[in-house]
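Spelled out, the chains give:
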Amino acid sequence: MPENIEKISVKLNVNGKTYVRNLEPRLLLVEFLREELDLTGTHVGCDTTYCGACTVLMNGAAVKSCTVFAVQADGAEILTVEGLEKDGQLHPIQKAFGDSYGLQCGYCTPGLLISTYELLSHNKQPSDKQIRKAIAGNTCRCTGYQNIFKAIQLAAQNRTRT
Amino acid sequence: MLAQIGDEAKLLAGGQSLIPLMKLHFANPGHLVDLNFIPEISYIKEEDGALGFGALARHAEIENSATAAKLPIIHDCAAGIADVQVRNRGTIGGSIAEADPSGDWATVLLTQAAEVRCLSPKGERAVSLNQFITDAYTTVLAHDELVSEITVKIPPKGTGAAYLAFKRAAPVYPTASAAVSVAMEGDVCKEADIALGCVGLIAIKATAAEAALRGQRLTDKSIAAAAEAARAAADPQSDMRGSAGYKRALVVALVKRVIEIAARRARGEQVEVSHIYA
Amino acid sequence: MAIKFGGEEKKWVGKALPRKEEDRLLRGRGRFADDIKLRDMAYLRFVRSPYAHARIISIDTSAAEALAGVVCTLTGKEIVPQTQPFIEIGPDSKVRDYPFAVSKVRYQGEPVAAVVAESASIADDAAELVRVEYEALEPVMDAEQALQDNSILHEEAGTNKIWHGVFEYGDVEKDFQDAAFVVRIDRLHFHRFSSTPLENNVVIGEWNLKDDRIYYSCNNSFPSFAIQFLSAHLNVHIDRIRVQTSDIGGSFGIKITNYPQMAVVALASKKAGGRPVKWVETRSEHMTSSAHGNERTFRDTRVALDKNGLITAITSRHIDDCGAYPRYEPLGCVIWSQVFPGVYRFKNARIDFTQTVTNKCPVGPNRGYSRMQHLWFLERVIDICAHELGIPADEMRMRNYIRPEEFPYTTPNGCVYDSGNYPGMLELAKQLIGWDAWKKKQAEAQKQGRLIGIGIGTTLDSGTNNFGQSQIVNPGAPFSGNSQGANCKLDIYGEVVVAVGSCPQGQGHETTAAQVVADVLNISPDLITVRTGFDTERNVHTGFSGTYASQFAVSGLSAVHGAAQKLKTEMKRLAAFVLESEEDDVEFGVGAQGPELRAKRTGKSINYWGLANIVNVNSAVLPVEMYDITLNCRYIWRAPFKVPDKQRKYGNLTLTYASQLHIAVIEVDRETFIPTILDYVAVDDCGTVINPPIVEGQVYGATAHGIGAALLENCAYDAVGNMLTSTFSDYTPITALNMPKIKYGHIQTPSPHSYSGAKGMGEGGAAPIHTISAALQDALFPNGIIIEDSFNNADSLFRALVGKEICQAERLVKLERRAS
């Protein structure tokens, strides 16, 4: 029962800020981000680790935050969609998605931006096949993916230019 | 710690199988012992003619490892598991210990000389992989024992192995999969190891299919015979991935293709494999 | 009255403008319903039936209530005395629909009780402690079986049949007598699937006991419909119900019928002493108990053709499965007739249409609602007849298409297709896919025994409904026509603010509305604020307000246009007075002081701040005859419909008809039976395009939904009513790895029925389902296969080709050649 569960102290860095909290072990990372830190940009879309709407960066790797306990992020560096912009300026990946009409309802978008961020951090010129593989775990119901492919290619191009 | 808590405890590695089960209330462990904070059990190394994977080596790390790439079938497996996000968390040790009937590692490693090192307060022991998993979700691990390492002997030159699955989408388990390793001597297949995934309670070693190749030249006829024997060895359930009849037919097609790729790799060819998606 | 578009420069409408919505959505600052947290909020979790059909013997909530942190529980028995069953649209319907099962459950996942707790996890834990005893009943999982009434779902109704009607036009029997060919098709079946928006249903409801009003923050996508049902159900005046939506993560029609959950949340809040209560649906709940698309079986189809392959008559029996409760049904029993002949010229037909309940999830108006099933049927008929007569599929269509010069075209049942050019679309699509080259490749491949097919799917997206069609299913239904509201004002400091009665789920309404107003006022869209989402308090909604049925470009933008025009007229009048000039000397633009009006002759100008200032806080300046100027203009646009002829089932049922034509090339692997799309073209015609990339994006999205539905997505049940695809991992919504590259083309045949020439679009008519069935059919005709189902995957193709269990031509199709 909730009162009997021993909370665990965790310290983690989210979008450049450090947080220290006592958390129930069963709290999912996505619940922690949304409910405790009010970072509601990361979304929940399913319950079997399929859709990737909850994707965040954990120590540089894209993970589905619905399938990680918050306490497992002790000592970790987390990046969410809210951490992409700098001083109010959109990150080039965000801009590329906007310029390419790579979103409609916007619900899958935060997860996709993070998956794209990971892809481009180690692959400067991803092929079409590599792009599809990189977002195979991000479901979108609005765009049919075509403009998302274009957005990621544009983001890659813009990165290599700067 | 496991000895203290007893049956109510489950080990947490990548969590990519366990956490979904807990969310749907199919698994309700009272305690979780998180292995992720134990340092230095996620290594990938080559030692004494074998690849050694620490239990917490992530699928993604194995996918991107030059060391692991020495065995292309290892890369086929690691790169094809689920999607990027799950591969970043899921581990080889966790996967083997979980013994999901559809787990890719169990299928692939059945075709290799693989051993599972198990650690308990009483000490360490090594179990051959083909004896490690006994039933669906069941291994020979004692409740106070965990997987510490998986070793895979690097086979001699002239051996080639490959793994291929048909998956409806990346984040789900395959409808069926086939792993094949062949040791070639010229045109003749000296040794064959064939494992079928997702078509039984555990991965199936298709011994009759192997016999159909052993000592034979790899021709359309012998490959077809092996594939048919594999069909007979498969024991699939009908479910949303497909009917039992279809899964058997799929096994035939996959085994044929994988034998051909394995043979090409045995001849020293670089062949890239990726799973078939719907 | 439709407003004629004129006297305005189209500077912004038609442009590829970046969306206003992007900024907040890209930053993760969208406001989706689950992002909202209220003070003192409690959390609700449903307890749901594991059985498809069972009597409820007892419900014991005591263990749940004893759990620390539980606020209260709620069951069906408790709410019956407090509520009326939901309004039924069907005639003399005896179905009693409550948001909980009361004495029996009728589908797996039906809510039986609810728990309210201090946190979501406590509510989860408590829900597990509710003990329900059931007595299992025989489930009815097949529509044709259901109609035998051996096991009745709604005892009060005494039958499972919800509706039956015959749609007959022309002289059908004479046509069959005169026919050169008669083709008989025993059975075709359109499967049950759902567009599964990525965001699940979410309701936050507060029954405020101090002011006795109910406040909702939710993602319902047809709020005006919901409040009509809720008001009657909860015995609360409609004005006492406030519904707000903000950002919605997709709906595709599925979030129209979440009003039962809205009712539960309000009742739970009341019981919890007026605390706000939040319900967040899980994906599993969504798959089993939100809404599915209609499933339809087509039996005993007969087609009469002349010697040239022109279809002259069709008869068929259609059986629609609406799941356990009708809810939005039986509207689906007439909605399909908006596209009665599809894109074809036949004038004579008899469709015998029956709808039945079964022990499955209730259906909702899933994207393409009720028309895609019928259009798929017609495309199968065309292809099967073409094959039987030895006419190529493209040629068959060209012979049977309604001709461009025949528009506006009145269909046999009185619908008016506004405009279109189906032959032109086919030509363009063939060009884009490289038809001739593929035909050659196909011939060579077939020689090698490969199974390659090329398929065409022509479909219609009828938009802006005439709700008068409800009177065809129920002569007593007090619904007809269609309308939408908008408000356009200069706020106190002169800001232009627009509110519309729509609740967009990604369609870019804020952007397109701004484009329309920008053209009216000759300013830029940046200077226009469009309020996000829907809010009853804004008072711009009509009884039809929401976002559904491919209509915003027509209904919403016509309302916005009308409101902007009204505002412009007032601004001109006021400016003329202030600038001491004639009204026709006043021009609109942007000057040194921002957006302003200028007198051409004198060069004097006044900016928007100045105008707003006079009307709002400086009104002694105004002469009495100008007191009616408010610069706050509400406009209701009405579609020019009449009530249809209920007896003849005749009349115009939709205002605009967008069309889609897709071509697919598919190969079925002979060993794995996996179908792979080798090439794909989508051609779209939605008339005048307001914002091209927004349209293109929705065409891609609709294409993905259709390909997913055709090859991956099936809401499947077993024989005893277990839902087999209750998670995304079982249902496998289409992913990036499954999508082929889509070649996109479009033409524009402007609609004479909308002010801008735009036609509503967005649903996409499920063209890919028709197209993929056609391509698979083309590949497999030589193997004696008839594609009889809209859902096909490796497994079903294996069972057809090897097992010969299904899709066998010799059992399904018969051709009769008549003498002469």
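Residues numbered from 1 in each chain as written. Chains lettered and ligands numbered in written order. Predicted model: local features only at pLDDT ≥ 70, side-chain atom pairs only at ≥ 80, totals over all residues. Heavy atoms only, no water.

*Asks:* Please explain the overall build of chain A as it appears in this structure.
*Replies:* On a plain count of helices and strands, chain A comes out with 5 helices and 5 strands. When its helices and strands are written in sequence order, chain A yields β-β-α-β-β-β-α-α-α-α. Rg of the C-alpha trace for chain A: 16 Å, near the compact-globule value of 15 Å for 162 residues, within the 12% margin. For the C-alpha atoms alone, the extent of chain A along its principal axes is close to 55 × 30 × 25 Å. Within chain A, the proportion of its 162 residues that are buried is 65%. Sequence separation of 24 or more characterises 55% of the internal contacts of chain A that already satisfy a separation of 6 or more. Carbon together with sulfur atoms contributes 48% to the accessible area of chain A, which is approximately 6000 Å² in total. Taken as two groups, the 17 positive and 16 negative side-chain charges of chain A have centres that lie 11 Å from each other. (Helix = DSSP H or I, 4+ residues; strand = E, 2+ residues; numbered from the N terminus. Rg over C-alpha atoms; globule rule 2.2 N^0.38 Å. Buried < 20%, exposed > 50% of the residue type's maximum accessible area, 1.4 Å probe, protein only. Contact = heavy atoms within 4.5 Å. Areas by Shrake-Rupley, 256 points an atom, 1.4 Å probe, with all protein chains shown as cover. Lys, Arg positive; Asp, Glu negative; His and termini not counted. Charge placed at Lys NZ, Arg CZ, Asp CG, Glu CD.)

*Asks:* Please clarify how the domain arrangement of chain A should be interpreted in this entry.
*Replies:* Interface size is commonly expressed as the accessible area that is lost once the parts come together. All names here are of chain A. Per the domain assignment, the segments making up chain A are domain 1 (8-83) and domain 2 (92-161). Averaged C-alpha coordinates put domain 1 and domain 2 at centres separated by 21 Å. Tallying the contact residues gives 18 residues for domain 1 and 13 residues for domain 2. Roughly 1200 Å² of surface becomes buried between domain 1 and domain 2 when both sides are summed, with 61% attributable to carbon and sulfur atoms. Together, His-43, Thr-55 and Val-81 form the three largest contributors to the area buried by domain 1 at its contact with domain 2, with a combined 36%. Here domain 1 is connected to domain 2 by 0 salt bridges. (Domains from an automatic or database assignment. Buried area = accessible area lost by both parts, 1.4 Å probe. Salt bridge = Lys/Arg side-chain N within 4 Å of Asp/Glu carboxyl O.)

*Asks:* Help me understand a nonpolar patch on the surface in this model?
*Replies:* Among the surface-exposed residues, Ile-492, Tyr-493, Trp-609 and Val-617 of chain C lie close enough to one another that they form a single nonpolar patch of about 470 Å² accessible area. Positionally, Tyr-493 of chain C belongs in the loop between β19 (483-490) and β20 (496-500). (Patch = residues over 30% accessible without salt bridge, like charges linked within 9 Å, V, L, I, M, F, W, Y side chains within 5 Å.)

*Asks:* Teacher, can you tell me more about the packing of aromatic side chains here?
*Replies:* Ring pairs (aromatic) are described by centroid distance and by the angle formed between their planes. Residues and elements named next belong to chain C. Following the criterion strictly, the structure yields 34 aromatic pairs over all chains and no others. Ring centres of Phe-222 and Phe-225 lie 5.2 Å apart, and the angle between their planes is 25°; on these two criteria the pair is classed as stacked. The burial state of Phe-222 is the same as that of Phe-225; both residues are buried. Look at Phe-222 and Phe-467: their rings are 6.5 Å apart centre to centre, the planes differ by 50°, and that puts the pair in the tilted class. (Phe/Tyr/Trp six-rings, centres within 6.5 Å; stacked < 30°, edge-to-face > 60°.)

*Asks:* How should I be thinking about the state of the cysteines in this particular structure?
*Replies:* Every disulfide links exactly two cysteines, by a covalent bond between their sulfur atoms. One pass over the structure, following the stated rule, counts 0 disulfides over all chains. Here Cys-105 of chain A stays free of any disulfide, with the sulfur of Cys-142 of chain A as its closest cysteine sulfur at 3.7 Å. Cys-105 of chain A sits in the buried class, given a relative accessible area of 7%. Of the cysteine sulfurs around Cys-198 of chain B, a residue in no disulfide, the closest is that of Cys-77 of chain B, at 11 Å. According to the relative accessible area criterion, Cys-198 of chain B is buried, its value standing at 7%. (Disulfide = S-S within 2.5 Å.)

*Asks:* Is there a simple way to explain the sheet that holds strand β14 (residues 276-277) of chain B in this structure?
*Replies:* Strands belonging to one sheet form pairs held by backbone hydrogen bonds; the direction of such a pair is parallel or antiparallel. Residue and element names in this part refer to chain B. Taken in spatial order, the 5 strands of this open sheet run β13-β12-β11-β10-β14, and their pairing is mixed. The two strands at the open ends of the sheet, each matched to only one other strand, are β13 (204-205) and β14. Of the strand pairs in this sheet, strand β11 (residues 176-185) and strand β12 (residues 188-197) are connected by 9 bridges, and their pairing is antiparallel. Bridge assignment links Ser-177 to a residue of β12, and that residue is Gly-197. Helix-sheet contacts for helix α11 (residues 244-266) involve β10 (159-167), β11, β12 and β14, and the interaxial angle to β10 is about 150°. (Pairing = 2+ DSSP bridges. Axes fitted to C-alpha atoms, helices over the stretch in contact; angles between N-to-C directions.)

*Asks:* Hey, could you run me through the interface of chain A and chain C in this one?
*Replies:* Taken residue by residue, the interface counts 50 residues in chain A and 61 residues in chain C. Buried area between chain A and chain C, summed over both chains or domains, comes out near 4400 Å², and the portion from carbon and sulfur atoms is 54%. Interface area lost by chain A to chain C is led by Tyr-50, Tyr-101 and Arg-141 of chain A, which between them contribute 20%. At the surface where chain A touches chain C, the tally comes to 9 salt bridges. Glu-85 of chain A is paired through a salt bridge with Arg-27 of chain C; the nearest N and O atoms lie 2.9 Å apart. Applying the counting rule to chain A against chain C returns 26 residue pairs in polar contact (both at pLDDT 80 or more). Among the elements of the structure, α1 (29-36), α2 (92-99), α3 (109-122), α4 (128-134) and α5 (146-161) of chain A are those that each provide at least two residues to the side of chain A that touches chain C. The element that contributes the greatest number of residues to the side of chain A that touches chain C is α5 of chain A, accounting for 4 residues. Residue composition of the side of chain A that touches chain C, grouped by class: 21 nonpolar, 17 polar and 12 charged. (Polar contact = N/O pair within 3.5 Å; in protein donor to acceptor, adjacent residues only side chain to side chain. Nonpolar A, V, L, I, M, F, W, Y, C, P; charged D, E, K, R; others polar.)

*Asks:* How should the environment of Pro-29 of chain B be read in this particular structure?
*Replies:* Residue and element names in this part refer to chain B. Here Pro-29 shows up in the loop between α2 (18-23) and β2 (31-34). Separated by 11 residues in the primary sequence, Pro-29 and Leu-18 place their C-alpha atoms 9.8 Å from one another. Not counting residues within four places of it along the chain, the set of residues in contact with Pro-29 comprises Glu-8, Lys-10 and Met-22.

*Asks:* Where do I start with the domain arrangement of chain B in this structure?
*Replies:* Residue and element names in this part refer to chain B. By the assigned domains, chain B splits into domain 1 (2-33 + 40-153) and domain 2 (159-277). Averaged C-alpha coordinates put domain 1 and domain 2 at centres separated by 22 Å. Between domain 1 and domain 2, the residue contacts involve 25 residues of the former and 29 residues of the latter. The contact between domain 1 and domain 2 buries some 1900 Å² in all, and 59% of this surface belongs to carbon and sulfur atoms. The largest share of the area that domain 1 buries against domain 2 comes from Asp-76, Thr-107 and Thr-111, three residues that together contribute 27% of it.

*Asks:* Looking at this model, I keep getting lost on the side chain of His-43 of chain A. Mind explaining?
*Replies:* Residues and elements named next belong to chain A. Among the structural elements, His-43 can be located in the loop between α1 and β3 (55-58). Residue classification places His-43 among the buried residues on the basis of a relative accessible area of 3%. Within the local environment of His-43, its side chain forms a polar contact with the backbone oxygen of Thr-40, the two atoms lying 3.3 Å apart.

*Asks:* Explain helix α8 (residues 259-271) of chain C here, please?
*Replies:* The α-helix advances 3.6 residues per turn, and as a result positions three or four apart in sequence lie on the same side. Residues and elements named next belong to chain C. Compared with the 18 Å implied by 1.5 Å per residue over 13 residues, the 18 Å span of α8 between its first and last C-alpha is a close match. Burial analysis of α8 places 11 of its 13 residues in the buried class, the great majority of the element. All of the buried residues in α8 are Tyr-259, Pro-260, Gln-261, Met-262, Ala-263, Val-264, Val-265, Ala-266, Leu-267, Ala-268 and Ser-269. The first or second residue beyond α8 is Gly-273, which carries a positive phi of 85°. (Expected span 1.5 Å × (residues − 1).)

*Asks:* What is the right way to read the nonpolar core from this model?
*Replies:* A general tendency of soluble globular proteins is for nonpolar side chains to be buried together. Membership of the largest hydrophobic core comes to 256 residues, with the highest contact counts inside it found for Phe-97 of chain A, Leu-196 of chain B together with Phe-167, Tyr-216 and Leu-234 of chain C. Here Leu-196 of chain B is in contact with Thr-107, Ser-177, Ala-203, Ile-204, Ala-206, Ala-230, Ala-233, Ala-234, Val-251 and Val-255 of chain B, once residues within four sequence places are set aside. Residues Val-517, Leu-557, Leu-597 and Trp-637 of chain C belong to the second largest nonpolar core, which totals 54 residues. (Core = buried A, V, L, I, M, F, W, Y, C linked by side-chain atoms within 4.5 Å.)

*Asks:* Looking at this structure, how should I read the interface of chain B and chain C?
*Replies:* At the interface, 20 residues of chain B touch 21 residues of chain C. Buried area between chain B and chain C, both sides added, is near 1800 Å², and the carbon and sulfur share of it is 63%. For the interface between chain B and chain C, the tally reads 3 salt bridges. Salt-bridge contacts for Glu-671 of chain C lead to Lys-256 of chain B; the nearest nitrogen and oxygen are separated by 3.0 Å. Our count for the chain B to chain C interface comes out at 10 residue pairs in polar contact (both at pLDDT 80 or more). Elements that contribute at least two residues to the side of chain B that touches chain C include exactly α11 and β14 of chain B. With 7 residues, α11 of chain B is the largest single contributor of residues to the side of chain B that touches chain C.

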